[in-house]
Amino acid sequence: TMASSGRHSIQAEIMGQPTTALIADLKRRGMLECTLVVWAAEFGRMPFLGQQTRRDHNPGAFICFLAGAGVRKGSSYGESKEFGFKAAGRKEAR
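Everything quoted here is computed from the prediction, not taken from an experiment.

Undergrad: Sorry if this is basic, but what is going on with the overall build of the protein here?
TA: Looking only at helices and strands, one finds 1 helix and 6 strands in the protein. The helix and strand sequence of the protein, counted from the amino end, reads α-β-β-β-β-β-β. The buried share among the 94 residues of the protein stands at 15%. In the structure as shown, the protein presents an accessible area of about 7700 Å², 58% of it carried by carbon and sulfur atoms.

Printed below as a string of structure tokens:
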């Protein structure tokens with residue numbers, strides 16, 4: 001819904017500057033290559049609207065942000081099955 005996407009946009013805006021500052025600081029100190037930065041949640045979101053016109057939690061597929069510790073910049077790992085209900089299994093980083 002618009003309310004949900006508005007909240008997500010605000011959260012992304014709030015996290016953008018501190019995340020960038022943390023990664024830049026670790027890099028400047030020479031610590032980024034030996035530090036794994038992880039942002040994750042316990043649930044993803046269903047790919048459709050639920051009964052209350054919002055996207056319900058989905059424990060079967062979610063995203064995770066990784067940086068540092070040799071993680072290749074701009075890569076993705078894994079994929080979801082059709083419609084995004086569950087993880088489809090391992091897939092090499094691309």
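Picking up where we left off.
Undergrad: I'm lost on the side chain of Thr19 in this one. Help?
TA: Along the chain, the position of Thr19 falls in helix α1 (residues 2–28). Given the relative accessible area of 13%, Thr19 is considered buried. Those residues in contact with Thr19, other than ones at most four positions away along the chain, are Trp39 and Phe65.

Undergrad: When you look at the environment of Lys86 in this model, what are you seeing that I'm missing?
TA: Within the secondary structure layout, Lys86 lies in the loop between β5 (79–80) and β6 (87–89). On the basis of relative accessibility, which here comes to 51%, the residue Lys86 falls in the exposed class. C-alpha of Lys86 to C-alpha of Pro59: the two residues are 27 residues apart in sequence and 8.1 Å apart in space. Lys86 has contacts with Gly60, Ala61, Ser80 and Lys81, leaving out every residue within four places of it along the chain.

Reading the values: the criteria
- Residues numbered from 1 in each chain as written.
- Predicted model: local features only at pLDDT ≥ 70, side-chain atom pairs only at ≥ 80, totals over all residues.
- Heavy atoms only, no water.
- Helix = DSSP H or I, 4+ residues; strand = E, 2+ residues; numbered from the N terminus.
- Buried < 20%, exposed > 50% of the residue type's maximum accessible area, 1.4 Å probe, protein only.
- Areas by Shrake-Rupley, 256 points an atom, 1.4 Å probe, with all protein chains shown as cover.
- Contact = heavy atoms within 4.5 Å.

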